[in-house]
Amino acid sequence: SAVISQKPSRDICQRGTSLTIQCQVDSQVTMMFWYRQQPGQSLTLIATANQGSEATYESGFVIDKFPISRPNLTFSTLTVSNMSPEDSSIYLCSARGGLRGVRETQYFGPGTRLLVL
Amino acid sequence: GQSLEQPSEVTAVEGAIVQINCTYQTSGFYGLSWYQQHDGGAPTFLSYNALDGLEETGRFSSFLSRSDSYGYLLLQELQMKDSASYFCAVSSSASKIIFGSGTRLSIRP
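Each helix and strand counted, chain A has zero helices and eleven strands in total. In sequence order, chain A lays out its α and β elements as β-β-β-β-β-β-β-β-β-β-β. Taking the principal axes of its C-alpha atoms as reference, chain A extends roughly 40 × 30 × 25 Å. Here chain A holds 117 residues, and the buried ones make up 52% of them. If you take every contact in chain A between residues at least 6 apart in sequence, the share linking residues at least 24 apart comes to 55%. Treating the 10 positive side-chain charges of chain A as one cloud and the 8 negative ones as another, the clouds have centres 6 Å apart.

Spelled out as structure tokens, the structure:
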């Protein structure tokens, strides 16, 4: 199975600032995703991180607010820009389609807990 | 629109059997997955059904009926450690997965 790490694991930020979350996978994967999850709630897909090209964003999420990079097959970053308290959430990196494991299996990182004051 | 429906909470007794149902309405369908998430933890993959029928993996089984847009997760010989949230998820395209709202399973001794 793929192992996914995220940094930072948590942060407390002031409104108006930006935070970049890093995601590292221990093996090459075809697809990487970024999700948001409020405690006790479902997972909402923010975007699909595409290697070497612009991310594909879901309805309600825009590149100016959530710029995403994916320079290679194992690494991606998500930036939460110009933060407001409404951005307080858990942000999860996810990956699928690696050389190991079941193709349909989607792996998740431990999440980044963000609190915006 | 796209939607997945599953019960918000289920309570069961240790050693018993519990079934968590999921109905879905999506614009595309490649398969139905189930994920487990303990409080404070990351979701972990449990099972995937692309075709009708029952898939068994140890104490957990998952069922799919594509004609009914319905599936369920069956947990047998429940253990206290099975207390968690369980999410059904539909692969609506080759790349995208849509998650249900989750079912919180509480297990009593």
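This brings us to the interface of chain A and chain B. The partner chain B presents 15 residues to the 18 residues of chain A that form the contact. With both sides pooled, the region where chain A packs onto chain B buries about 1400 Å², and carbon together with sulfur makes up 57% of that total. Between Lys 96 of chain B and Glu 58 of chain A there is a salt bridge whose closest N-O contact spans 2.9 Å. Our count for the chain A to chain B interface comes out at four residue pairs in polar contact (both at pLDDT 80 or more). At the level of secondary structure, the elements contributing two or more residues to the side of chain A that touches chain B comprise β4 (29-37), β5 (43-49), β9 (89-98) and β10 (106-108) of chain A. It is β4 of chain A that provides the largest number of residues to the side of chain A that touches chain B, a total of four residues. Considering only residue class, the side of chain A that touches chain B consists of eight nonpolar, six polar and four charged.

All names here are of chain B. Taken as a whole, this structure holds four salt bridges over all chains when the rule is applied. Close ionic contact of Arg 59 with Asp 82 constitutes a salt bridge, the shortest N to O distance being 2.7 Å. Of this pair, Arg 59 sits in the loop between β6 (53-57) and β7 (60-65) while Asp 82 is found in the loop between β8 (70-75) and β9 (84-91), placing the two residues 23 residues apart along the sequence.

Attention now moves to unusual backbone geometry. Excluding glycine, a negative phi dihedral is what most residues carry, and trans is how most peptide bonds are arranged. For the bond running from Lys 7 of chain A to Pro 8 of chain A, omega is -5°, close enough to zero to count as cis. With phi around 50°, Ser 69 of chain B is a residue other than glycine that occupies positive phi space. Note on placement: Ser 69 of chain B falls in the loop between β7 and β8. Positive phi, normally seen in glycine, also occurs at Glu 77 of chain B, with a value near 45°. Relative to the assigned elements, Glu 77 of chain B resides in the loop between β8 and β9.

Before going further, it helps to spend a moment on the pairing of strand β3 (residues 18-25) of chain B. Residues and elements named next belong to chain B. Residues Val 18, Ile 20, Cys 22 and Tyr 24 line the buried face of β3, whereas the alternating positions Gln 19, Asn 21, Thr 23 and Gln 25 sit on a face that is not buried. The pairing of strand β1 (residues 3-5) with β3 spans three bridges and is antiparallel. Residue pairing for β3: Ser 3 is matched across the bridge by Gln 25. Two strands pair when backbone bridges link them, and β3 and β8 are joined in this way by six bridges, in the antiparallel orientation. The residue bridging Asn 21 from the neighbouring strand is Tyr 72, located in β8.

Quick look at the sheet that holds β7 of chain B now. All names here are of chain B. Here we have five strands laid out as an open sheet, ordered β1-β3-β8-β7-β6, and antiparallel in their pairing. The outermost strands of the open sheet, each flanked by one partner alone, are β1 and β6. Across the sheet, the mean angle from the axis of one strand to that of its neighbour is 15°, orientation sign disregarded.

With that settled, consider the sheet that holds strand β3 (residues 19-25) of chain A. All names here are of chain A. Taken in spatial order, the four strands of this open sheet run β1-β3-β8-β7, and their pairing is antiparallel. Edge strands, defined here as strands with exactly one partner in the open sheet, are β1 (4-7) and β7 (68-69). Strand direction decides the pairing type here: β7 and strand β8 (residues 75-80), joined by two bridges, are antiparallel. By the bridge assignment, Ser 69 is partnered in β8 with Thr 77.

Residues and elements named next belong to chain A. A cluster of nonpolar side chains, Ile 12, Leu 115 and Leu 117, forms an exposed patch at the surface whose accessible area comes to about 280 Å². Its place among the elements puts Leu 117 in the segment after β11 (112-116). The partly exposed category is assigned to Leu 117, whose relative accessible area is 48%.

About the thresholds
Residues numbered from 1 in each chain as written. Chains lettered and ligands numbered in written order. Predicted model: local features only at pLDDT ≥ 70, side-chain atom pairs only at ≥ 80, totals over all residues. Heavy atoms only, no water. Helix = DSSP H or I, 4+ residues; strand = E, 2+ residues; numbered from the N terminus. Buried < 20%, exposed > 50% of the residue type's maximum accessible area, 1.4 Å probe, protein only. Contact = heavy atoms within 4.5 Å. Lys, Arg positive; Asp, Glu negative; His and termini not counted. Charge placed at Lys NZ, Arg CZ, Asp CG, Glu CD. Buried area = accessible area lost by both parts, 1.4 Å probe. Salt bridge = Lys/Arg side-chain N within 4 Å of Asp/Glu carboxyl O. Polar contact = N/O pair within 3.5 Å; in protein donor to acceptor, adjacent residues only side chain to side chain. Nonpolar A, V, L, I, M, F, W, Y, C, P; charged D, E, K, R; others polar. Pairing = 2+ DSSP bridges. Axes fitted to C-alpha atoms, helices over the stretch in contact; angles between N-to-C directions. Patch = residues over 30% accessible without salt bridge, like charges linked within 9 Å, V, L, I, M, F, W, Y side chains within 5 Å. Areas by Shrake-Rupley, 256 points an atom, 1.4 Å probe, with all protein chains shown as cover.

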